[in-house]
Amino acid sequence: MEQKTFAFVSLGCPKNLVDSERMLGKLAQEGYALVPEAAGADVVVVNTCGFIEPARQESLAVIREMLALKEKGRVGSVVVAGCLAERKKDDLLQEVPGVDQVLGVFGREEITQAVARAITQQNEQKMVFRPAPVRALEDTARLRITPRHYAYLKISEGCDRTCTFCAIPGMRGKHVTKPIEEVVREAKELAADGVRELIVVAQDTTYYGLDLYGRVRLAELLRELHKVDGIAWIRILYAYPMYFTDELLDTLASSPKILPYLDMPLQHINDRMLKRMQRRVRRQDTEELLATLRGRIPNLTMRTTFIVGFPGETEAEFEELVAFVRQSRFERAGVFTYSFEPGTPATRLEDHMPEDVKTERRDRLMKAQQEVALSWSQAQIGKTLETIVDGPDPEAPGHVLARGHADAPDIDCHVRVKGKGLQAGDIVTAKITGADGYDLLGRALGAVR
Ligand code: SF4
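Being a predicted model, the structure only gives us computed values, none of them experimental. Positions within a chain are numbered from 1, following the residues in the order the chain's sequence is written. Whole-chain, interface and lining totals are the exception, using all residues; otherwise, since this is a predicted model, local features are given only for residues with pLDDT of at least 70 and side-chain atom pairs are given and counted only at 80 or more. Calculated side-chain values reflect all of the structure's heavy atoms, with hydrogen atoms and water omitted.

Asks: So what exactly am I meant to see when it comes to the overall build of the protein chain here?
Replies: Within the protein chain, the secondary structure is distributed over 14 helices and 19 strands. Here the C-alpha atoms of the protein chain give a radius of gyration of 22 Å, agreeing with the 22 Å that 2.2 N^0.38 yields for 449 residues. Across its three principal directions, the C-alpha atoms of the protein chain cover 60 × 60 × 45 Å. Intrachain contacts of the protein chain at a sequence separation of at least 6 include 74% that bridge at least 24 residues. Accessible surface area values rest on a Shrake-Rupley calculation with a 1.4 Å probe, where residue burial reflects the displayed protein chains alone. As displayed, the protein chain offers around 18700 Å² of accessible surface, 53% of which is attributable to carbon and sulfur atoms. Computed over 61 positive and 65 negative side-chain charges, the separation of the two mean positions in the protein chain equals 2 Å. A run of H or I in DSSP becomes a helix once it reaches four residues, and a run of E becomes a strand once it reaches two; helices and strands are each numbered from the N terminus. Only C-alpha atoms enter the radius of gyration; for comparison, a globular chain is expected to reach 2.2 Å times N to the power 0.38, where N is the number of residues. We call two residues in contact whenever any of their non-hydrogen atoms come within 4.5 Å of each other. Asp and Glu are treated as the negative residues and Lys and Arg as the positive ones, with His and the ends of the chain left uncounted. Charge positions are represented by NZ for Lys, CZ for Arg, CG for Asp and CD for Glu.

Below, the structure is given as structure tokens:
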């Protein structure tokens, strides 16, 4: 039988990317051939993001682009999966009626059946939505789209928190921990596939274990991941500013594989705002935690994100946040304007503010953070840093684009390293000789590992 071809577009966050890789793996195992372009393919799958309005608009734009190709007969059929599908359900087909199949977040395991229906135009059943599973779905047998040397490891699904601005629990369900032995099995599979840097992700990483084992067990999980041969670096994203037990702090500080890097979205620092956001942490708790983390983990890089323009945020409360950013000196930080998310409690709060006020505050806070981040880059000059090579530097022959401990893929910066014979995945120590904005410049020292 003629081999059917498929193209795949993966949108959104690393957790959605892991879902994409799982679906890609299932389709490849079923005998479908992956092609780089939608034009000419029998089917295109779009794994969407539904987090905030800009992400939803991007997902809809990609779907419409694929439907335009279908209209011209240049792609056979269109399958939509992921968070936007989960969030909109039937409404999605109202908005983009040309779509052949729709899969919710937890319908991903049925991607091959949906693609078969789409290709054969047996669209009696057009939509598959499954309830959030009580047991975490396994993410094995992935066809990976990240570069070979790093991969995301999803340790749980969903979230039990009730942040008033957030629609994620509505799309991804309650927190479901993936058992330690399953996570370790996946890590071993990834290591066998050439992964050197494991990037641990979840909606709420530090909550790991509480639902399944009745207690947090991230520290134990990390110690098991530390034992996986082939893995050189372990990086943690999406920590919540809670459940940093002494055991976890000891593990973070003592394991040579766990990078001194922590992504911990804080969203705000003013107590009234934190209360309106239902973050269940106070300024004092956050500041004590930051002091403890910096005290216990040498050379720690802290990444965080903030929301500005949350309903009711006064100029004084915003200024408090700006002062906090100047004082706390996060090496990495992102700032989002509050997004009005239908179905979330924050929409019912009073004092929503105009977009231009939000944007002006975002720019002001980013300016304060820029000063901090640029001075951090300058302070690295003269130091010797361990880096992992991502590939050749397209702008500088004889150089490679690498990342240090302080740089997660896609969201942080690069170290442009001068050196011979360096390959993607190599870990090489570099002497930092300069800074180019946020990026560092360096030359390779000694052996590669
Ligand atoms: S911790 Fe809060 S912001 Fe993060 S996914 Fe859960 S509810 Fe959303």
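Asks: Please clarify how the sheet that holds strand E2 (residues 33-34) should be interpreted in this entry.
Replies: By the convention used here, strands pair only if DSSP detects at least 2 bridges between them. If you walk across this open sheet you meet the six strands as E2-E1-E3-E4-E5-E6, and the pairing is parallel. Of all the strands in the sheet, just E2 and strand E6 (127-128) have a single pairing partner and so form its edges. Across six bridges, strand E3 (residues 43-48) lies against strand E4 (residues 77-82) in parallel orientation. Pairing of Thr48 across the sheet is with Gly82, part of E4. Axis lines are fitted through C-alpha atoms, for helices just across the contact stretch, and the angle between N-to-C directions can take any value from 0 to 180 degrees. Each of strand E1 (5-10), E2, E3 and E4 touches helix H1 (residues 14-29); the most contacted strand, E1, lies at about 175° to it.

Asks: Would you mind showing me how to read the domain arrangement of the protein chain here?
Replies: Accessible area lost when the parts come together is the quantity often used to give the size of an interface. As far as domains go, the protein chain holds domain 1 (5-128), domain 2 (150-379) and domain 3 (384-448). An automatic or database domain assignment provides the domain bounds reported here. With centres defined by C-alpha atoms, the gap from domain 1 to domain 3 works out at 36 Å.

Asks: When you look at the pattern of salt bridges in this model, what are you seeing that I'm missing?
Replies: Here the idea is simple: oppositely charged side chains can pair when their charged atoms come close. By salt bridge we mean one thing: a side-chain nitrogen of Lys or Arg within 4 Å of a carboxyl oxygen of Asp or Glu. Tallied over the full model, the rule gives 56 salt bridges. The residue Arg108 makes a salt bridge to Asp139 at a minimum N-O spacing of 2.7 Å. A residue pair is termed long-range when its members are at least 10 positions apart, and Arg108 in the loop between strand E5 (101-103) and helix H5 (111-119) and Asp139 in the loop between E6 and strand E7 (150-154) qualify at 31 residues. For the residue pair Arg108 and Asp139, the accessibility class agrees, reading buried in each case. A salt bridge links Arg217 to Glu220; its shortest N-O distance comes to 2.8 Å. Comparing Arg217 with Glu220 shows no difference in burial state: the two are buried. Among the ionic contacts, a cluster of salt bridges with common partners joins Asp19, Arg22, Lys26, Arg108, Glu109, Asp139, Lys154, Glu157, Arg172, Lys178 and Glu186. Type-normalised accessible area, obtained with a 1.4 Å probe on protein chains alone, sets the label of each residue: buried when under 20%, exposed when over 50%, and partly exposed for intermediate values.

Asks: Hey, could you run me through unusual backbone geometry in this one?
Replies: Peptide bonds are, in most cases, trans, and in most cases residues other than glycine have a negative phi. Here the phi dihedral of Lys89 falls at roughly 45°; this positive angle occurs in a residue that is not glycine. Its location among the elements puts Lys89 in the loop between helix H3 (83-88) and helix H4 (90-95). Of the residues examined, Lys89 reaches a relative accessible area of 31% and is grouped as partly exposed.

Asks: Would you take a moment to explain the nonpolar core for this structure?
Replies: Generally speaking, nonpolar side chains in soluble globular proteins are found buried as a group. In terms of nonpolar packing, the biggest core is built from 51 residues, with Ile155, Leu222, Leu225, Phe244, Met264, Leu293 and Leu365 touching the most fellow members. Examining the composition of this core, we find that six residues originate from one element, helix H7 (residues 180-192), more than from any other. Formed by 22 residues, the second largest nonpolar core is a distinct cluster that contains Ala7, Leu11, Ala38 and Val62. Buried residues of nine kinds, namely Ala, Val, Leu, Ile, Met, Phe, Trp, Tyr and Cys, make up a nonpolar core once their side-chain atoms join them within 4.5 Å.

Asks: Looking at this model, I keep getting lost on the pairing of strand E10 (residues 197-201). Mind explaining?
Replies: Working note: regular strand, side chains alternate between the two faces of the sheet. With five of its five residues buried, E10 lies for the most part within the structure. The side-chain alternation of E10 yields two buried faces, one formed by Glu197, Ile199 and Val201 and the other by Leu198 and Val200. The pairing of E10 with strand E11 (residues 233-236) spans four bridges and is classified as parallel. In the strand pairing of E11, Glu197 is matched with Trp233.

Asks: Can you help me understand the sheet that holds E11 in this one?
Replies: Neighbouring strands of a sheet are bound in pairs by backbone hydrogen bonds; such pairs are parallel or else antiparallel. Taken in spatial order, the six strands make up an open sheet running E7-E10-E11-E12-E13-E14, and their pairing is parallel. Two strands bound the open sheet, and with one partner strand each, they are E7 and strand E14 (332-337). On average, each strand axis in the sheet is tilted by 20° relative to the strand beside it, whichever way the strands run. When E11 meets strand E12 (residues 258-263), the two strands line up parallel, connected through two bridges. Of the residues in E12, the one forming a bridge with Ile234 is Ile258.

Asks: I tried to follow the pairing of strand E19 (residues 439-448) on my own but got confused; where do I start?
Replies: The pairing of strand E17 (residues 415-418) with E19 spans four bridges and is parallel. Bridging across to E19, Arg416 finds its partner in Leu441. Judged from the eight bridges that link them, strand E18 (residues 427-436) and E19 form a sheet pairing that is antiparallel. Residue pairing in the sheet places Ala430 in a bridge with Ala444 of E19.

Asks: Explain the site of the ligand to me, please; I cannot follow it from the model alone.
Replies: Residues are labelled near a given molecule or strand when at least one of their non-hydrogen atoms is within 4 Å of it. For the ligand, the full set of nearby residues is Cys159, Arg161, Cys163, Phe165, Cys166, Ile168, Pro169, Tyr240 and Arg279. Along the lines of polarity and charge, the residues of the shell around the ligand split into seven nonpolar, no polar and two charged. Classes in brief: Ala, Val, Leu, Ile, Met, Phe, Trp, Tyr, Cys and Pro nonpolar; Asp, Glu, Lys and Arg charged; the others, Gly included, polar.

Asks: Can you help me understand H7 in this one?
Replies: Since the α-helix advances by 3.6 residues per turn, residues separated by three or four positions end up pointing in the same direction. The terminal C-alpha atoms of H7 lie 18 Å apart, and with 13 residues this matches the ideal 18 Å at 1.5 Å per residue to within 8%. Within H7 the residues assigned to the buried category are Ile180, Glu182, Val183, Val184, Glu186, Ala187, Leu190 and Ala191. On its buried face, H7 is in contact with E7, E10, helix H8 (210-213) and helix H9 (218-226). In the stretch just after H7, Gly194 is the one whose phi turns positive, near 100°. Expected span of a helix, by definition, is 1.5 Å for each gap between consecutive residues, and there is one gap fewer than residues.

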